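# Chains, contacts and geometry: an overview
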Amino acid sequence: MSSESSKKRKPKVIRSDGAPAEGKRNRSDTEQTFIPHPRPVSLPPQEGKYYSEEAEVDLRDPGRDYELYKYTCQELQRLMAEIQDLKSRGGKDAVEIEDRRIQSCVHFMTLKKLNRLAHIRLKKGRDQTHEAKQKVDAYHLQLQNLLYEVMHLQKEITKCLEFNDSGVSFPNRLAEKYRECLSNKEKILKEIEVKKEYLSSLQPRLNSIMQASLPVQEYLFMPFDQAHKQYETARHLPPPLYVLFVQATAYGQACDKTLSVAIEGSVDEAKALFKPPEDSQDDESDSDAEEEQTTKRRRPTLGVQLDDKRKEMLKRHPLSVMLDLKCKDDSVLHLTFYYLMNLNIMTVKAKVTTATELITPISAGDLLSPDSVLSCLYPGDHGKKTPNPANQYQFDKVGILTLRDYVLDLGHPYLWVQKLGGLHFPKDLSQELAGHTVIADHSLSASHMETTMKLLKTRVQSRLALHKQFASLEHGIVPVTSDCQYLFPAKVVSRLVKWVTIAHEDYLELHFTKDIVEAGLAEDTNLYYMALVERGTAKLQAAVVLNPGYSSIPPIFQLCLNWKGEKTNSNDDNIRAMESEVNVCYKELCGPRPSHQLLTNQLQRLCVLLDVYLETDSHDDSVEGPKEFPQEKMCLRLFRGPSRMKPFKYNHPQGFFSHR
């Protein structure tokens, strides 16, 4: 057996550049047998010459192939009989046996080639049959349409033939219909004449009104148009909303023509806020007696009084400013800005609308919710507490612990919202206690307007991209765009089988996420998800922390592998290396800007890493049977170092894995 195995030849590699073939070169010419083939399909010289069996099928005769098949089978039978005869003699004919074995191998290669050609012919035959079937189906559909048209025409002909069944002849009915139409025509003509006279008299009146109002419009600089109506309404805005309105309008005219700015609310209520209470002073004497009688009858409880004081303190201005920010994919971010008069802060409510209706996946419920879509637009700005330090003293008087309980109704007081309104609150309380008043500043709003608008557009596009990706992830599909295909090998066996959202409290209770929790990266403003990747009996859990600033801030993965026991980064160095490949080397997975494919690329990389981990695991010789995960990935070196680290780095375009 050792002598036979030593004589096995390595497969030859035909190179297009004319390089010599690898393998043994000292064999005699009698051992090299070539199978004649038809002339190969010619290709352009700049592309090189390649052998194509599909092109060869069209050039070969099936009958001759069948004759070649019978001839090859006969030759194989003959060679096998001769080998059997030589072996039965027991003589020293090893050279002749080896020669016949080589000829038999050549015939086996011929049979394999004929088998492949037969399969190619079968596939082409099926394709031709399918095309013919499609044509027949198309003709059948046309026939059905024609039959439907014939049936429809027959019904119309039947209706025409039955038209005289009412007893009145056809010409008489047409004459009655004609007279009826003439009478209706006369009525309509009279109505048209009356309306023409009214419109002709209305036009001079409108012209005279417009001419009479021209001096007033020129004097007040108020043309009769929607834009100037908005400016007239803006006079009744509070200073922060007025600064926002002016700066947003200027930014829209100069930089973003799609930005829409409008004012909503009751102008009459806004005017009433600034009316001096002169009439109420005259009636104080009359109202005092009535109040004394009512207080004797019923006094409000302390709880009711506190509720009234809270409502008064959290009262919003009647007018609000709306910004509609349009993105590239025709999605619109609707922002409504409010001003809390007694707290001297601004709040915002957000809503995202898309050109097409979105099917919301279960795991994407919080992506576009008004409570979290703008969270942490700037780092640390979650909008759950008031930015004005003086408000805390006001809250203590009415029993309000924190503004967090009221943000759903009032809106979120983000810091960037205050800056867009020109408000800047000092951190030192001594200035507030000294009677310092915060005044809206136009320059502060203008310096933050452009950056904030770009961040808002980026946030909406990022959330919409995640929304679409989550719909695929929930069905076990990891979407990888064509621009990112080169980052992964062609065959990935591990598959994502589960993608769900988890609560912040559930994430904190996971035993393999303690490192992230202790590092302070698991904040309640983040979004948390659980992914499950499986291959055979191996199950890999991945707890994902998605920062609101995705994709400028990458997601964080923590892994737990259930296979031959439970393995985490605390007891397996290779699991720690897998986490490093996904979390630390994320820049390799960003893809083209604006890097919206980062999360799905990380998940696809995780599937590839699990394949490498399982395929490079050493096989236990005490266990009978084949290896559960045969090695399919090409690795330069399976292990390195005393910790036996595995090669997780994928090298493109060579297609092999190596150590970092």
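Counting restarts for each chain, with residues numbered from 1 along the sequence as it is written. Restriction of local features to residues with pLDDT of at least 70 applies here, the model being predicted, together with a cutoff of 80 or more for giving and counting side-chain atom pairs; totals for whole chains, interfaces and linings are based on all residues. The side-chain quantities take in all heavy atoms of the structure and omit both hydrogens and water.

To be explicit about the condition: UniProt positions are given in the numbering used here, feature names are shortened, and annotations may be inferred rather than shown by experiment.
As recorded in an unreviewed UniProt entry, the chain goes by THO complex subunit 5 and comes from Ursus americanus. Under the UniProt heading Sequence similarities (unreviewed entry), the note attached to the chain is "Belongs to the THOC5 family." Under the UniProt heading Subcellular location (unreviewed entry), the note attached to the chain is "Nucleus".

### Quick look at a negative patch on the surface
As a reminder of what qualifies: Only residues whose relative accessible area exceeds 30% and that take part in no salt bridge are eligible for patches, with like-charged residues grouped when within 9 Å of each other and nonpolar side chains (Val, Leu, Ile, Met, Phe, Trp, Tyr) grouped when within 5 Å. Here the accessible surface of atoms and residues is derived via Shrake-Rupley with a 1.4 Å probe, and residues count as covered only by protein chains that are part of the display. Basic side-chain nitrogens of Lys or Arg form a salt bridge, by our definition, when they fall within 4 Å of a carboxyl oxygen of Asp or Glu. Within this scheme the basic residues Lys and Arg register as positive and the acidic residues Asp and Glu register as negative, but His and the chain ends are omitted. Note on charges: their place is set at NZ of Lys, CZ of Arg, CG of Asp or CD of Glu. Secondary structure follows DSSP: runs of H or I at least 4 residues long count as helices, runs of E at least 2 residues long count as strands, and numbering of each begins at the N terminus. Burial here depends on accessible area, computed with a 1.4 Å probe over protein chains only, as a share of the maximum for the residue type. Under 20% is buried, over 50% is exposed, and the range in between is partly exposed.
Where like charges cluster on the molecular surface, the negative patch consists of Glu505, Asp506, Glu509, Glu523 and Asp524. Structurally, glutamate 523 is set in the loop between α18 (514-518) and β6 (527-535). For glutamate 523, a relative accessible area of 43% corresponds to the partly exposed category.

### Describing the pattern of salt bridges
Summed over all chains, the structure comprises 31 salt bridges. For glutamate 75, the salt bridge is made with arginine 78, and the minimal N-O distance between the two is 2.6 Å. Taken as a pair, glutamate 75 and arginine 78 lie in helix α3 (residues 62-89) at a separation of three residues, close to a single helical turn. For arginine 78, a relative accessible area of 36% puts it in the partly exposed group. Of the charged contacts in the structure, one is a salt bridge between glutamate 588 and arginine 605, with a shortest N-O distance of 3.9 Å. With glutamate 588 in the loop between α19 (573-583) and α20 (598-615) and arginine 605 in helix α20, the pair connects residues that are 17 residues apart, well separated along the chain.

### Details of the packing of aromatic side chains
For any pair of aromatic rings, the description rests on two quantities: the centre-to-centre distance and the angle between the ring planes. Quick reminder of the rule: Pairing of aromatic rings covers Phe, Tyr and the six-membered ring of Trp, with a centre-to-centre limit of 6.5 Å; geometry is then stacked below 30 degrees between planes, edge-to-face above 60, and tilted otherwise. Either the NZ atom of lysine or the CZ atom of arginine qualifies as a charge over a ring when it sits within 6 Å of the ring centre and within 35 degrees of the ring normal.
Summed over the entire model, instances satisfying the criterion amount to eight aromatic pairs. Members of the aromatic cluster, each reached through a chain of ring pairs, are Phe470, Trp499 and Tyr529. For arginine 644, the ring lying beneath its charged end belongs to phenylalanine 639, and the centroid distance is 3.9 Å. Taking the ring centre of tyrosine 613 as reference, the NZ or CZ of lysine 646 above it sits at 3.8 Å.

### Structural notes on the sheet that holds strand β8 (residues 556-562)
Heads up, the condition is: Being paired, for any two strands, means DSSP has found at least two bridges between them. We call two residues in contact whenever any of their non-hydrogen atoms come within 4.5 Å of each other. The axes used here are C-alpha line fits, helices contributing only the stretch in contact, and every angle between their N-to-C directions lies in the interval 0 to 180 degrees.
The strand order across the open sheet built from five strands is β5-β6-β7-β8-β9, with neighbouring strands paired in antiparallel fashion. Where the open sheet ends on each side, the last strands, each with one partner, are β5 (495-502) and β9 (566-567). Two elements, β6 and strand β7 (residues 538-546), share nine bridges in a ladder whose sense is antiparallel. Bridge pairing in β7 links methionine 530 to alanine 543. Strands in contact with helix α16 (residues 442-473) are β5, β6 and β7; relative to β5, the strand with the most contacts, it is inclined by about 125 degrees.

### What about unusual backbone geometry?
Cis peptide bonds are those with omega within 30 degrees of zero, and the linkage from tyrosine 550 to serine 551 qualifies with 15 degrees. Relative to the assigned elements, serine 551 resides in the loop between β7 and β8. The peptide bond linking arginine 593 to proline 594 adopts the cis configuration, its omega dihedral lying at 10 degrees. Mapped onto the fold, proline 594 is located in the loop between α19 and α20. The backbone of asparagine 344 shows a phi angle near 60 degrees, a positive value even though the residue is not glycine. The residue asparagine 344 is located in the loop between β3 (332-340) and β4 (345-353) in this model. Under the relative-accessibility criterion, asparagine 344 is labelled buried at 19%. Positive phi, normally seen in glycine, also occurs at cysteine 376, with a value near 55 degrees. Along the chain, cysteine 376 turns up in the loop between β4 and α12 (391-398).

### Here we look at the sheet that holds β4
Strands sit in the order β1-β2-β3-β4 across an open sheet of four strands; the sheet is antiparallel. The outermost strands of the open sheet, each flanked by one partner alone, are β1 (260-265) and β4. Averaged over all pairs of adjacent strands, the angle between their axes in this sheet comes to 25 degrees, without regard to strand direction. Two strands pair when backbone bridges link them, and β1 and strand β2 (residues 319-326) are joined in this way by six bridges, in the antiparallel orientation. Its bridge partner lying in β2, glycine 265 is registered against leucine 319. Packing of helix α7 (residues 239-254) onto the sheet brings it into contact with β1, β2, β3 and β4, and relative to β2 it is tilted by some 30 degrees.

### A closer look at the packing of α3 against helix α4 (residues 94-161)
Heads up, the condition is: Angle categories are assigned with fixed cut-offs, so that under 35 degrees is roughly parallel, over 145 is roughly antiparallel, 65 to 115 is roughly perpendicular, and the rest are oblique. Take the far helix as your reference; a near helix turned counterclockwise from it by less than a right angle gives a left-handed crossing, and one turned clockwise gives a right-handed crossing. Polar here means any residue other than Ala, Val, Leu, Ile, Met, Phe, Trp, Tyr, Cys and Pro, which are nonpolar, and Asp, Glu, Lys and Arg, which are charged; Gly is therefore polar.
Put simply, α3 and α4 touch, their axes get as near as 9 Å, and they point 155 degrees apart. Judged by the angle between their axes, α3 and α4 are roughly antiparallel. For α3 against α4, the interelement crossing comes out left-handed. Class assignment of the residues belonging to the contact of α3 with α4 gives a composition of 14 nonpolar, five polar and eight charged.

### What about the confidence of the model for the chain?
The line we're drawing: Scored between 0 and 100, pLDDT is the confidence that the predictor attaches to each residue.
Summarising the model, the chain shows a mean pLDDT of 83, and 82% of its residues fall at 70 or more. A low-confidence stretch, residues 1-46 stays under pLDDT 50, and its non-local contacts, those more than four residues away or across chains, total 33 contacts. Across residues 431-435, confidence stays below pLDDT 50; counting only partners more than four residues off in sequence or on other chains, it has six contacts.

### Some remarks on the pairing of β3
Across the nine residues that make up β3, a large majority, eight, are buried. Pairing between β2 and β3: six bridges, direction antiparallel. Following the sheet pairing, methionine 322 is matched in β3 by threonine 336. What sits between the antiparallel neighbours β2 and β3 is a turn of five residues, in which aspartate 330 has the positive phi angle 65 degrees.

### Concerning the environment of threonine 353
By the secondary structure assignment, threonine 353 is in strand β4. Note on threonine 353: relative accessible area 26%, which makes it partly exposed. When the C-alpha positions of threonine 353 and serine 331 are compared, they lie 5.7 Å apart, and in sequence the two are 22 residues distant. Aside from chain neighbours lying at most four places away, what touches threonine 353 is Ser331, Val332 and His334.

### What about α16?
Each full turn of the α-helix corresponds to 3.6 residues, which orients residues three or four apart in the same direction. Put simply, the rule is: Working rule for helices: expected span equals 1.5 Å times residues minus one. We define the bend at each residue as the angle formed by axes fitted to the 7 residues ending at it and the 7 residues starting at it.
The end-to-end C-alpha separation of α16 is 46 Å, in line with the 46 Å expected for 32 residues at 1.5 Å each. Its maximal kink placed at methionine 449, α16 deviates by approximately 40 degrees.

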